[in-house]
Amino acid sequence: MKLLMLYFLVTFVHAKEWARKDLDFKTIDTMIHFDNRASCATKAKLPTESVFLIVDNVNMAKAVYRLAKLRGMDPVKTTNTALDKFNQGLSSLVRLISDKLLSGDLALIDDKKLDDRYLENNWGKSFSSELEKKTQCNIVKKFSSLYAHLNVTKPDKVLIQKMAEDLSNIEESFISCDSIKGNHFSEISLFQFDVKFKQHTEIDGFRFWYSLKVYLSWAYRFSPEIQDVMRPYDFIFRNVDLEEMVLFFSNGCKSISAPECTSHNLNLNQLKLLSEEASSFDLSSYEGLKPIAVNPATDLTSMPLPLREDDLLNLGDQVSASDWVSNFRGNVLKVRGAQKLQLTKAMSQIFLINKVKSPDDLEKNISEEIILNPDGYKSDLYYLCSEYKVATDRNLSFLIQDLILLKDDQSIKESYSDIFDQRFDESFIRFQSLISKINDICLKLDGNGYWNNSLEVKKEGFASWYQQLTTQKNNFTLERIVSSHFIPLKPVLKFKSGEVICYSAIHCSRILLDSMMTISSLAKSMSTLSAKKAVISTNMSNPYSSHIACGAYDPWAKKNKIIFEFFHDLIQGVAFGLLPSPVYVSVDLEQKKLVSFSSLIKDGKVFYDPNYDPKKVHLSLIADLGPLAGIPCALSISGSRMNPLEYYAFNGISFSGCHNNSKVEIEANSAEEIRSSGSRKNYCAACAINLQTMSSSVSSLNPVLRFSFFLIKGVTRLFSNLRDPHDLHRNWSLSSHQIALSYRYHGEISDQCAKDLIKGRSCLPKKCEGKLLEEFTKKFHASPLESSFSCLTGKGVVWIKECQEPIYLSNPRNLKIMTDCHLKERIF
Amino acid sequence: MKYFFLMFIFFSFNVFSQTIETIWRDDLKKELSVSCKGTSEFCQNLCSSESNCYLEEGICRSCIGTGLKINYILSELGRSIHTSEEIYNSDSFLALLKNNTFVTLRSNDPYNIIDAYGSIKVYKKFESLCREGSLSQILFLKLSPVDRSIIRPELVYCEYENGVSFLQIHSSPDLETTLLKFSFMTPIY
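Residues numbered from 1 in each chain as written. Chains lettered and ligands numbered in written order. Predicted model: local features only at pLDDT ≥ 70, side-chain atom pairs only at ≥ 80, totals over all residues.

Considering the confidence of the model for chain B
Residues and elements named next belong to chain B. Condition: A residue's pLDDT is simply how confident the predictor is in it, with values from 0 to 100. Any residue pair is listed as a contact if its two C-beta atoms, each placed from the backbone, are within 7 Å.
Mean pLDDT for chain B: 85, with 86% of residues reaching 70 or above. Below a pLDDT of 50 lies the segment residues 1-15, which in the model reaches 9 contacts outside its immediate sequence neighbourhood of four places, other chains included. A low-confidence stretch, residues 182-189 stays under pLDDT 50, and its non-local contacts, those more than four residues away or across chains, total 15 contacts. Scoring of the predicted complex yields 0.84 for pTM and 0.88 for ipTM.

The structure is reproduced here in structure tokens:
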């Protein structure tokens, strides 16, 4: 042994001193994945291995503060201690559940088994004496460059240098959950959990995360483990509405839940909009609070695809992670609060009116009111008839379709029956009956010329949803008020305390419709409003998650088009080479295009079914008559306005005509402006005067050269297309460990070093040295100071901060270490 | 009316000769204590003791929060959620306590994080559930035996200077409608 050590020392006399040995080497072993648009979109279908957990501590802190006051304890001190306990307990519970699931100790669950007894039974069976710690937990402090993968497509030298610096001060970015004690949490916390799904195991990632969320909801309240960790605050903690306090979201492009084109999924993804800077966030123009909220799928057809650099999560706006979460929480709280108020008010009004007035009663009362005061109620009747007509006539608006979906919307039904102990679908059936009764009354009034006399109608008199639909108004007060134009002496319905619910049957009916419209609008964001048996999660880090879920973006389309075009060019080249006169057949592949969505209900969930314009192939034919007939004209016939002559590098004037049924359009354009207009015609014909005689020149060449010309053109087009930075799959993975090692060795990240790191190699001068030291520092807590290696022998020596003696390393394939020091192993 | 009122007091005090108190113990758990007086067999039936029973309250799922249900209950107390002169059935009360499917709420309870702590408004809401002059009020929420979520507000315990009462909670509001009677006239359409 000693002889071997001596051999090493003699061999490695010229040890290299590492440039940044002053830094603590506290790196983590993780891969940071960067993706462009196509790659990120494709990954949306894969389960993530890293998630963030936002915890809103405010409700819990409020309760503990009040309890401390009630019991005469120091409220501030008690609350701070409780905050630590709560965060410690919650994060350790997530880790425990995750480890149990990963080890197979706890059964994974599927959708239907949400019964508490089933969960309790499973939990009871999962008592493994030695559970391996497989889940990594960190508290995120700052969205430093180590989180650049959330809003950067491709890493460059500057970014990698920054990452290296941030890795040297890693505790500024995140700290381990084990150091929670005395951490003094504020109103919010942000955790990061990392797991590894081993390949070829039976763990389905999406099922794993789903199970984790369901078990967390149950175990937080009922598992014995949580009571031990959170004592003495466990009782009060377990009463907290956990589901409204926490939110999981995936860290990167991969997803926490399988992308589905459901209202639930799309809404949760829309939460990213709430990361906007609070000072510029306008509640009154927020889509989810408008009287008629747009279906979240609509954006997918109307908005352009974002880029990763667009930073939709606005991570760049906030200095620290807590600032970002605090800002996000503030916005979520504002929106949720306003939505809850609107929903409760709308549901209450339906409940109250239905309690005492049947549709028959309302119909009868409206008739009576018309007789009693035909002039007084005229304006109110006009509002009533207009609103019911627009809301329920399919020819006038889409609203009735959304309203009909409400009857079977599970989340609405649950919320309503939960609050009022009454079925929502019953109320809805009564409402449907009222619709036909009111429409009948209005039809009769129309027929009798009731509106012919003078009538006072103001835009503001209509319900807000009606104003939104018929005017350009975009900002609305959050409180929905349907006012009555005529105020009778005695209101038709009021509380015994005197508070008026509605003044007349007409007013009651308008309030009923308005309430249904409010619920219909809020139903589109119910998933963010109430969660019961499972903690909620979102894939909002991936800006294309909803696009992929609903088929609004095909990340393979560009690649398919390029392959198609290349083969087309090759075939064209062969045809051009063989035929005596140039005949050009242009085949243009137009991808299927998403145009709209149909909403439908399945198992109580609202689904959006995409409607496409199908994939189309446009054929064009050009016969260059020049060489044969001696005229400078190439004749083209195509199914679209796309001009195949562009392919000739044609630069002249063209005359073209298109025939569409009986309509003929003639257009003359300069060559630079020739572009496909997008409008589809049945036949188009063009005669191009070829001023540059390019086609004639080409056609006069011999067949081999003609073929070569088009082959070169095809290859040129292929390479030009392959440069697309966004829609062809590209991804880069950086090892945090390699970055830290390289930076510590050289003291900076050079251009070449950045290239090596992007290729997955640490940039130590000797390949074997890099590999050995990488393995060694991944396994042990070791901060290299000096090193010397020989790749011929595959051996080397390293001096580290943690040990006085040199450490001898050999065999890069299967690391062997010789040392007298006691080295501390890394857990993760 | 006066006669009826006296009858009501007499009736309620005789059916329930027990007093209720809730405390947050040193171990930060909530406890309900029931004291029985006179010949009442309530405590005997509840915990086999003649005079006092102590019940540790179980958890109330999502009570501390701003969820739709708890929000509605706390905001509608004294409005849509109210009491009448109807007394809560003694046997039902016994069953509620025995099954431990309840949670108690007072105006200054840590469970209520929606209203400002110690505000007069909250106190008034609770006070409005009892007859005038009540000294303290304890609202009992009925919980689901399966997952311990709130089912409904069930009863309120009111303590007065000279007695107590247990009143049934009504979750349907007291409404007043005006009837129109003009159907003898010919419709104009």
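Right, picking up where we left off after that structure.
Quick word on the interface of chain A and chain B
It is common to give the size of an interface as the accessible area lost on bringing the parts into contact. Under the convention used in this document: Labels follow the DSSP assignment, with helices taken as runs of H or I lasting at least four residues and strands as runs of E lasting at least two, numbered in each case from the N terminus. Here the term charged refers only to Asp, Glu, Lys and Arg, the term nonpolar to Ala, Val, Leu, Ile, Met, Phe, Trp, Tyr, Cys and Pro, and the term polar to all other amino acids, Gly among them. Any two strands are treated as partners once DSSP identifies two or more bridges connecting them.
In this complex, chain A contributes 48 residues to the contact, which on the side of chain B involves 41 residues. Counting only elements with at least two residues in the side of chain A that touches chain B, the list comes to helix 3 (58-70), helix 9 (234-238), helix 13 (321-356), helix 14 (359-372), helix 17 (410-420), helix 18 (424-447) and strand 8 (493-495) of chain A. A per-element tally of the side of chain A that touches chain B places helix 14 of chain A first, with 7 residues. Here the side of chain A that touches chain B is composed, by residue class, of 22 nonpolar, 8 polar and 18 charged. In the sheet, strand 8 of chain A pairs with strand 9 (residues 175-177) of chain B via 3 bridges, with the strands oriented antiparallel.

Digging into the environment of P610(A)
Residue and element names in this part refer to chain A. The criterion, for reference: Each residue is classed by its C-beta neighbour count within 10 Å, where at least 20 other C-beta atoms makes it buried, 12 or fewer makes it exposed, and intermediate counts make it partly exposed; the C-beta atoms are placed from backbone geometry.
Looking at the element boundaries, P610 is found in strand 13 (residues 605-613). The exposure class assigned to P610 is partly exposed, which follows from the 18 C-beta atoms found within 10 Å. Spatially, the C-alpha atoms of P610 and L67 are 52 Å apart, while their sequence positions differ by 543 residues. For P610, the residues in contact, after removing those within four places along its chain, are C261, C550, G551, L594 and F597.

Details of the sheet that holds strand 3 (residues 50-56) of chain A
All names here are of chain A. The condition is simple: Axes here mean lines fitted to C-alpha atoms, for a helix over just the part in contact, with angles spanning 0 to 180 degrees between N-to-C directions.
Spatially, the 6 strands line up as an open sheet ordered 5-4-6-3-7-10, and their pairing is mixed. Lying at the two open borders of the sheet, with one neighbouring strand each, are strand 5 (174-176) and strand 10 (536-538). The mean angle between the axes of side-by-side strands here comes to 30°, regardless of whether they run parallel or antiparallel. Relative to strand 5, strand 4 (residues 136-140) runs antiparallel, the two being bridged by 3 bridges.

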